[in-house]
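An overview of the molecular structure
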Amino acid sequence: MSSSDTHARHPYLAEHYETIEKQDHAVRLGMWLFLGTEVLLFAGLFLGYTVYRHFYHETFHEASRTLNLTLGTINTIVLITSSLSVALAYHAIKHGQRQKCLGLLTFTIICALGFLVIKGFEYQHKFAEGALPGQFYRFHEVTGPGANLFFTIYFLTTGLHAFHVIVGMSVLIWVMKGVWKGKYGPDYYVPVELGGLYWHLVDLVWIFLFPLLYLI
Amino acid sequence: MADATRKPPSEAERHAEHGTGRYFAVWAILLVFTCLTVWTGRMDLGAVNIFLAMTIATIKATLVVLFFMHMSEAAGANRLVFLMSFLFMALMMIGVFGDLWTRNEMTLPSAHPINFGPE
């Protein structure tokens, strides 16, 4: 009798792994590696921001004051709270509380939608004012050199971040489907964990974007 | 499971058992720091502003990574690959800042034409 017959294979264990622990380890490592590349992706944009902020210090200061701090702060709180609910959802599934996990993930997705709607209102306001990137800039309140660069960076960074919010939402909906079907529980919850990790990264990026764009 | 006892504890097992209290505590601290950064952000502190804002953001990010993302309980390799990205980000920033902060006036876009005085 071979060893594979003596133990029932875990239903989600891929053929090329010996044990579920080894698979979980590889999967987690892959996720952290991916998150590392995400950090580097945003690092490039943060670097660009820093260079232009150095060149056009006064204008960047002036332009950042025209952003809506109230909406920015609300969005920060919304994202932090959604990060909490994802962490709680992970804790719930780990302890076999499927319904609670589903509820918390639903709450997270509502937060994500709320974030996008608020961001949408901010964008709409910027469009109306003409605070647009590059050659489309026609915002009369800030006219110093580099003013359009601030808004180029604003739209690039927040746009890429919003795209990450949409991807994160989709991932969490996919995770929810699995939870709904009863695929995850105390003995197998890695997809919930990794979906959560991605969502925390989205929060992480915003933690830096918020002060750099709204508070400088 | 006989083989489970022979192995070193898996990553899942090392995820220490703790209640949800710590998540709420981290959340509350993050909210306090958010209020703090908004409050100090609109003060006119000159160059201290950006330093303070980035310090608060770094503290918030560290809390998220350590406790929400469970880096405090993660396997060594996972910590290494993630922290490596910050190392390379730091190298990139140091290189570029080294250039920017040692430039003289003439190399900046805001520079005025130089007046060498009467020929």
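Our subject is the structure that appears above.
Here's what I pulled together on the structure shown here. Bear in mind the structure is a predicted one, so any value in this text is a computation, not a measurement.

We now examine the overall build of chain B. Scanning chain B for helices and strands turns up five helices and zero strands. Mapped in sequence order, the helices and strands of chain B form the string α-α-α-α-α. Within chain B, buried positions represent 31% of all 119 residues. When contacts within chain B are restricted to residue pairs at least 6 apart in sequence, those whose partners lie at least 24 apart make up 58%. Element-wise, carbon and sulfur atoms account for 72% of the exposed surface of chain B, whose accessible area totals about 7,400 Å².

With that settled, the discussion passes to unusual backbone geometry. Excluding glycine, a negative phi dihedral is what most residues carry, and trans is how most peptide bonds are arranged. One non-glycine residue with positive phi stands out, namely H70(B), at about 60°. Looking at where H70(B) falls in the secondary structure, it is placed in the loop between α4 (48–68) and α5 (76–100).

In this section: the nonpolar core. Nonpolar side chains in soluble globular proteins generally cluster together in the buried interior. Judged by nonpolar contacts, the single largest core of 97 residues is most densely connected at L35(A), F151(A), Y154(A), V179(A), Y214(A) and F82(B). At 17 residues, helix α7 (residues 190–214) of chain A tops the list of elements feeding residues into this core. Summarising the domain contributions, this core has at least three residues from each of domain 1 (1–73) and domain 2 (75–109) of chain B. In this structure, Y154(A) is in contact with L67(A), K119(A), E122(A), Y123(A), K126(A), G159(A), L213(A) and Y214(A), ignoring residues within four places of it in sequence.

Between chain A and chain B, the residue contacts involve 52 residues of the former and 51 residues of the latter. For the chain A and chain B pair, buried surface summed over both sides reaches about 4,700 Å², with 76% attributable to carbon and sulfur atoms. Where chain A meets chain B, there are zero salt bridges. The tally of links from chain A across to chain B stands at four residue pairs in polar contact (both at pLDDT 80 or more). Taken together, the elements giving at least two residues each to the side of chain A that touches chain B come down to α2 (20–55), α4 (69–94) and α7 of chain A. Top contributing element to the side of chain A that touches chain B by residue count: α2(A), with 19 residues. Class assignment of the residues belonging to the side of chain A that touches chain B gives a composition of 31 nonpolar, 14 polar and seven charged.

Here helix α3 (residues 21–41) of chain B spans 30 Å end to end across 21 residues, near enough to the 30 Å set by a 1.5 Å rise per residue. Those residues of α3(B) not exposed but buried are Y23(B), V26(B), L30(B), L31(B), T34(B), T37(B), V38(B), T40(B) and G41(B). At its buried positions, α3(B) is contacted by α4 and α7 of chain A together with α4 of chain B.

The relative placement of two packed helices is expressed as an angle between their axes plus a distance between the axes. Residue and element names in this part refer to chain A. Remark: helix α5 (residues 98–129) packs on α7, axes separated minimally by 13 Å, with the N-to-C direction vectors making an angle of 30°. The orientation of α5 with respect to α7, classified from their angle, is roughly parallel. α5 and α7 meet at a crossing whose hand is left-handed. Of the residues in α7, those touching α5 at T108, A112, F115, K119 and E122 are W199, W206 and Y214. The residue makeup of the contact of α5 with α7, split by class, is five nonpolar, one polar and two charged.

Turning our attention to the packing of aromatic side chains. Tallied over the entire structure, the rule returns 27 aromatic pairs over all chains. With a centroid separation of 5.2 Å and 85° between ring planes, the pair formed by F60(A) and F150(A) is classed as edge-to-face. With F60(A) in helix α3 (residues 57–64) and F150(A) in helix α6 (residues 147–180), the pair connects residues that are 90 residues apart, well separated along the chain. Summarising the burial analysis for this pair, F60(A) and F150(A) share the class buried. For the pair Y23(B) and F68(B), a centre-to-centre distance of 6.3 Å together with 45° between the ring planes defines the contact as tilted. Of this pair, Y23(B) sits in helix α3 while F68(B) sits in helix α4; the two residues are 45 residues apart in sequence, bridging distant segments of the chain. In terms of burial, Y23(B) and F68(B) fall into one category: buried.

Reading the values: the criteria
- Residues numbered from 1 in each chain as written.
- Chains lettered and ligands numbered in written order.
- Predicted model: local features only at pLDDT ≥ 70, side-chain atom pairs only at ≥ 80, totals over all residues.
- Heavy atoms only, no water.
- Helix = DSSP H or I, 4+ residues; strand = E, 2+ residues; numbered from the N terminus.
- Buried < 20%, exposed > 50% of the residue type's maximum accessible area, 1.4 Å probe, protein only.
- Contact = heavy atoms within 4.5 Å.
- Areas by Shrake-Rupley, 256 points an atom, 1.4 Å probe, with all protein chains shown as cover.
- Core = buried A, V, L, I, M, F, W, Y, C linked by side-chain atoms within 4.5 Å.
- Domains from an automatic or database assignment.
- Buried area = accessible area lost by both parts, 1.4 Å probe.
- Salt bridge = Lys/Arg side-chain N within 4 Å of Asp/Glu carboxyl O.
- Polar contact = N/O pair within 3.5 Å; in protein donor to acceptor, adjacent residues only side chain to side chain.
- Nonpolar A, V, L, I, M, F, W, Y, C, P; charged D, E, K, R; others polar.
- Expected span 1.5 Å × (residues − 1).
- Axes fitted to C-alpha atoms, helices over the stretch in contact; angles between N-to-C directions.
- Parallel < 35°, antiparallel > 145°, perpendicular 65-115°, else oblique.
- Left-handed = near helix turned anticlockwise from the far one by under 90°.
- Phe/Tyr/Trp six-rings, centres within 6.5 Å; stacked < 30°, edge-to-face > 60°.

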